[in-house]
Amino acid sequence: DGLYADFGGAHNGSIDGKIRYRAHYLKMRAIRRTIGRHGLFYAHSGMLSSGIGLTPELVDGYVSGEGEHGALGDGRFLHESISGSYLTNGTFWTAAFPHYGDGRQVPYMASTGQYPHVPLGNQWKSSSLAHPGVPGINDLYLRDLWRLWGTFKNMRDLVYYTDYNAPGVLENPARERTGAYLQIDPEKRVALLILSNFDSVSRTCSLRVHWEKTVMGARRKGEAVFALLPGTGEKAPRAVPFDSFTDFSMETAPNGVCGFLFGEKETLAPLLKEYEKPFPAPSGEAEEHLKKVEEQKKLREAPSRPVEELYMKVVMPEAHIPFICVRAFHSLEHRIGVLNEKNEFVLLGYLTRHGFTKEKPGEGDWIWAEEESPWIPLREIFPQGGVHRVVIRSFGVLICGKGEYFHSLHTLILSPEKNRDCREARHLIFLNEVEPERENFHFSVNLTTKA
């Protein structure tokens, strides 16, 4: 169906610090001609400047998410600036950060027409790249938005407007808190207007559309408007007739979206029928994954009964990819600490191939791929005992050069004795549904107190 070009920016072909923009353009144009006008072509390279030259006639979407340090949900201006939406159709790798995979990102995607890539399958176990193997789990937060976009299934050569690049078309009086996106199929004269709420509370989204400034022009006889109401709970989405053709308003859920569909009734009939279909029930595989998530949540809780001794072992995975960007992939520094009353991380020390230490380790002390730490007595870290909320933070030291975020990768064993097969042993893995930040691995312990 098409191609994805990683390292696809103009700077990736630079030599001696010189960027060959013309050579990059000719290469991308040749790829476009090879896959055809309607073949899918995505490109990404991870730098904020990487979108330069990736214009709509060359690529169908610049894939953002990885190189923006998690800032795509920090505000409208940042999202519009670094999502790639300002120069071409934006797409979104939602696996880059766990918080990209929840409902907070929906209004940003909706307001710019930025469509998400939702990965399936286990790329690396016990990391933020470990995803469910079936739909219906990590994509549920997108159902309302996808159902709206689904009304345009199999349509192409669309024209779209947003309230940031076409304010003369979409008049939004509350742009800081609400967003608007309008896409039109000029040939079929079908239009979809999506309103989005950036607030964490319900809000009425209101907008005026100046149709005379769009490719559709004025309303024609026989054209109708339908409000597209999201589904709630087990209730299916609904479409209801709407009176106005210029002024639109609807109560919208926190971080939610709503829509309006325009066109001739005969043209809209099959689209509305598709929109009102009930959402499918979770599959057996989905139920099994959700059960696994609940089990991991319980394993992270401190047992109600304290134990005298508790040992911990860090286990690193095999090296599927030994290097990335000319640097060692598994060069991780594991910091261990606790969360205080303000949920702030308090560093206690480091976990190494030799055990626990308060001294910052060097490369020779790191737990590399396919290695594991010795059994580390938690009594050594918490000599007075008690209940503690523990966090292990893993940072890719060589990858980013200064110890920034990266995937956890490791699994963790907690046991009252130095035996991984002990009946009371807890085997913890990283799951996005359990950890809100991909560098963190949290759990609680309960040790008997010492006088």
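Because the structure is predicted, anything quoted here is derived from the model rather than measured.

Visitor: Which parts of the structure should I look at to understand the sheet that holds strand E10 (residues 203–209)?
Guide: Judged by pairing direction, the sheet is antiparallel, and its three strands sit side by side in the order E7-E10-E13 without closing on themselves. Each edge of the sheet is formed by a strand with only one pairing partner; in this case those strands are strand E7 (170–171) and strand E13 (247–252).

Visitor: Even after reading the chapter, I still don't get the pairing of E13, so can you show me in this structure?
Guide: Two faces, one strand: in a regular strand the side chains alternate between the faces of the sheet. Here E13 shows one buried face, formed by Phe 248, Met 250 and Thr 252, and one open face, formed by Asp 247, Ser 249 and Glu 251. Strand direction decides the pairing type here: E10 and E13, joined by six bridges, are antiparallel. By the bridge assignment, Thr 204 is partnered in E13 with Glu 251.

Visitor: Could you clarify how one ought to interpret the pattern of salt bridges in this entry?
Guide: If the charged atoms of two oppositely charged side chains come close together, the side chains can form a pair. In this structure the tally under the stated criterion is 21 salt bridges. Across the salt bridge formed by Arg 203 and Asp 199, the nearest N and O atoms sit 2.8 Å from each other. According to the relative accessible area criterion, Arg 203 is partly exposed, its value standing at 25%. Since its relative accessible area comes to 12%, Asp 199 is described here as buried. In this structure, Glu 308 and Lys 450 form a salt bridge, with 2.6 Å as the shortest nitrogen-oxygen distance. In this pair, Glu 308 is assigned in the loop between helix H6 (284–299) and strand E15 (311–315) and Lys 450 in the segment after strand E26 (440–447), connecting sequence segments 142 residues apart.

Visitor: Is there a simple way to think about the side chain of Glu 223 in this case?
Guide: Here Glu 223 lies in strand E11 (residues 223–229). A residue is classified by how much of its surface remains accessible, and Glu 223, at 5% relative accessible area, is buried. Of note is the side chain of Glu 223, whose polar atom sits 2.7 Å from the side chain of Arg 189. Discounting residues that sit within four places of it in the chain, Glu 223 has contacts with Arg 189, Met 216, Phe 245, Gly 263 and Glu 264.

Visitor: Help me understand helix H1 (residues 21–35) in this model?
Guide: Since the α-helix advances by 3.6 residues per turn, residues separated by three or four positions end up pointing in the same direction. With 15 residues, H1 extends 21 Å between its outermost C-alpha atoms, agreeing within 8% with the 21 Å of an ideal straight helix rising 1.5 Å per residue. For H1, every residue scored as buried is listed here: His 24, Met 28 and Arg 32. Projected down its long axis, H1 carries its buried residues within an arc of 70°, all on one side. Facing away from the buried surface of H1 by more than 90 degrees, the exposed residues are Arg 22, Arg 33 and Thr 34.

Visitor: Mind showing me how you'd approach the sheet that holds strand E6 (residues 159–162) here?
Guide: Hydrogen bonds along the backbone pair up the strands of a sheet, which may run parallel or antiparallel. Across the sheet, which stays open at both edges, the six strands sit in the order E6-E8-E9-E14-E11-E12 with antiparallel pairing between neighbours. Of all the strands in the sheet, the pair left with one neighbour each is E6 and strand E12 (238–241). Each adjacent strand pair in this sheet contributes to an overall mean axis angle of 20°, direction not counted. Pairing analysis gives four bridges linking E6 to strand E8 (residues 178–185), with the strands arranged antiparallel. Counterpart to Tyr 161 in the pairing with E8 is Leu 182. Sheet contacts for helix H5 (residues 265–275): strand E9 (190–197), E11, E12 and strand E14 (257–264); angle to E14, the most-contacted strand, approximately 150°.

Visitor: Sorry, what's going on with unusual backbone geometry here?
Guide: Glycine aside, a negative phi is what most residues show, and trans is what most peptide bonds show. The backbone of Asn 154 shows a phi angle near 70°, a positive value even though the residue is not glycine. Mapped onto the elements, Asn 154 comes out in the loop between helix H4 (143–149) and E6. One non-glycine residue, Asn 343, adopts positive backbone phi at about 60°. Mapped onto the secondary structure, Asn 343 falls in the loop between strand E18 (332–339) and strand E19 (345–352).

Visitor: When you look at the packing of aromatic side chains in this model, what are you seeing that I'm missing?
Guide: In this description, an aromatic ring pair is defined by two values, namely the gap between the centres and the angle between the planes. The final tally for this structure, using the stated rule, is twelve aromatic pairs. Their ring planes at 70° and their centres at 4.7 Å tell us that Trp 211 and Phe 262 sit as a pair that is edge-to-face. Within this pair, whereas Trp 211 is found in the loop between E10 and E11, its partner Phe 262 is found in strand E14, the two being separated by 51 residues in sequence. Under the relative-accessibility criterion, Trp 211 is labelled buried at 4%.

About the thresholds
Residues numbered from 1 in each chain as written. Predicted model: local features only at pLDDT ≥ 70, side-chain atom pairs only at ≥ 80, totals over all residues. Heavy atoms only, no water. Pairing = 2+ DSSP bridges. Helix = DSSP H or I, 4+ residues; strand = E, 2+ residues; numbered from the N terminus. Buried < 20%, exposed > 50% of the residue type's maximum accessible area, 1.4 Å probe, protein only. Salt bridge = Lys/Arg side-chain N within 4 Å of Asp/Glu carboxyl O. Polar contact = N/O pair within 3.5 Å; in protein donor to acceptor, adjacent residues only side chain to side chain. Contact = heavy atoms within 4.5 Å. Expected span 1.5 Å × (residues − 1). Arc of directions from axis to C-beta. Axes fitted to C-alpha atoms, helices over the stretch in contact; angles between N-to-C directions. Phe/Tyr/Trp six-rings, centres within 6.5 Å; stacked < 30°, edge-to-face > 60°.

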